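Here is what each chain is made of, one letter per residue.
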Amino acid sequence: MAEFSHVDAQGRARMVDVSAKSPVHRLARASGSIALGAETLALIAANNVKKGDVLAVAQLAGIQAAKRTSDLIPLCHPLQLSQVDVQAELTKSGVKVVSTVQCIDRTGVEMEALTAVSVALLTVYDMCKAVDKNMRISDILLEAKHKDDH
């Protein structure tokens with residue numbers, strides 16, 4: 001079984017030292033969804049939610065969240081992100097969010113991609129909570145991560 005890299009010899013949490021690694025291009029993609037009622041879907045589709053354009057605000061919230069991940073997750077390294085793309089789209093049962101994050105750095109951007117999706121979905125929840133009491137956020141997962149070693 002692999003050892004946890006965020007724990008020192010005494011079992012205390014620590015930030016991993018990545019200074020010996022070379023910066024390389026890194027990419028991560030994550031996704032998740034929120035189940036919504038038919039009335040809520042219709043309101044979003046017609047852009048009639050009182051708080052505004054749900055999909056646009058969720059996309060912006062996800063981008064902002066990716067940039068703030070190291071402020072939210074204690075052991076994450078602050079990264080110089082080169083690209084954050086968040087797509088929020090209506091589905092038959094709710095909203096699906098997909099984020100793609102890229103950087104050239106010493107550590108990956110998985111947490112940034114997952115944070116972008118999570119906050120985008122929480123934003124949909126916040127914007128629709130007055131009209132939908134049965135929303136359910138689910139299936140947040142890392143779909144892919146890559147690094148170019150050349």
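Here the structure is a predicted model, which is why all the values come from computation and not from measurement.

1. Focus: the overall build of the protein chain
Inference 1: A tally of regular secondary structure across the protein chain gives four helices and four strands.
Inference 2: Mapped from its N terminus to its C terminus, the protein chain presents α and β elements in the order β-α-α-α-β-β-α-β.
Inference 3: The C-alpha extent of the protein chain, read off along each of the three principal axes, is 55 × 35 × 25 Å.
Inference 4: Expressed as a percentage of the 150 residues in the protein chain, the buried residues total 37%.
Inference 5: Partitioning the intrachain contacts of the protein chain with sequence separation of at least 6 by distance along the chain shows that 74% fall at a separation of at least 24.
Inference 6: For the protein chain, the accessible area works out to roughly 9000 Å², and carbon and sulfur atoms hold 53% of it.
Inference 7: The centroid of the 17 positive side-chain charges in the protein chain is displaced by 3 Å from the centroid of its 17 negative side-chain charges.

2. Points about the environment of glutamine 102
Inference 1: Structurally, glutamine 102 is set in strand S3 (residues 94-105).
Inference 2: As a C-alpha pair, glutamine 102 and serine 19 span 83 residues in sequence and 19 Å in three-dimensional space.
Inference 3: When near neighbours in sequence (up to four residues on either side) are disregarded, glutamine 102 contacts His25, Arg26, Leu27, Leu81, Ser82 and Gln83.
Inference 4: At 2.5 Å, the side chain of glutamine 102 forms a polar contact with the side chain of histidine 25.

3. Some details on a nonpolar patch on the surface
Inference 1: Together, Leu122, Tyr125, Ile137 and Ile140 make up an exposed nonpolar region whose accessible area comes to about 330 Å².
Inference 2: When contributions to the nonpolar patch are tallied by element, the ones reaching two or more residues are helix H4 (110-128) and strand S4 (136-148).
Inference 3: Considering the arrangement of structural elements, one finds isoleucine 137 in strand S4.
Inference 4: Taking the relative accessible area as the measure of exposure, isoleucine 137 reaches 31% and is therefore partly exposed.

4. What about the nonpolar core?
Inference 1: Leu36, Ile44, Leu81, Val95, Val97 and Val124 are the most contacted members of the largest nonpolar core, which has 31 residues in total.
Inference 2: Contributing elements (two or more residues each) for this core: strand S1 (24-35), helix H1 (38-45), helix H2 (54-67), strand S2 (81-90), S3 and H4.
Inference 3: Beyond its immediate stretch of four places on either side in the chain, valine 95 contacts Gly32, Ser33, Ile34, Leu36, Ile44, Leu55, Ala88, Glu89, Leu90, Leu121 and Val124.

5. Looking at the layout of surface pockets
Inference 1: Taken as a whole, the largest pocket spans an internal volume of roughly 360 Å³.
Inference 2: Taken together, 16 residues line the largest pocket, and the ones lying closest to its centre are His6, His77, Thr107, Gly108 and Glu110.
Inference 3: Examining the composition of the lining of the largest pocket, we find that three residues originate from one element, H4, more than from any other.
Inference 4: Its residues assigned to classes, the lining of the largest pocket comprises seven nonpolar, five polar and four charged.

6. Some remarks on the environment of alanine 130
Inference 1: As for its placement among the helices and strands, alanine 130 is situated in the loop between H4 and S4.
Inference 2: Note: C-alpha distance between alanine 130 and valine 49 (81 residues apart in sequence) is 9.4 Å.

Scoring rules and cut-offs
Residues numbered from 1 in each chain as written. Predicted model: local features only at pLDDT ≥ 70, side-chain atom pairs only at ≥ 80, totals over all residues. Heavy atoms only, no water. Helix = DSSP H or I, 4+ residues; strand = E, 2+ residues; numbered from the N terminus. Buried < 20%, exposed > 50% of the residue type's maximum accessible area, 1.4 Å probe, protein only. Contact = heavy atoms within 4.5 Å. Areas by Shrake-Rupley, 256 points an atom, 1.4 Å probe, with all protein chains shown as cover. Lys, Arg positive; Asp, Glu negative; His and termini not counted. Charge placed at Lys NZ, Arg CZ, Asp CG, Glu CD. Polar contact = N/O pair within 3.5 Å; in protein donor to acceptor, adjacent residues only side chain to side chain. Patch = residues over 30% accessible without salt bridge, like charges linked within 9 Å, V, L, I, M, F, W, Y side chains within 5 Å. Salt bridge = Lys/Arg side-chain N within 4 Å of Asp/Glu carboxyl O. Core = buried A, V, L, I, M, F, W, Y, C linked by side-chain atoms within 4.5 Å. 1 Å grid on protein atoms, 1.4 Å probe; cavity = no way out; pocket = protein on both sides within 12 Å on 5 of 7 lines; lining within 4 Å. Points joined across faces, edges and corners; volume = space filled by probe spheres on them. Nonpolar A, V, L, I, M, F, W, Y, C, P; charged D, E, K, R; others polar.

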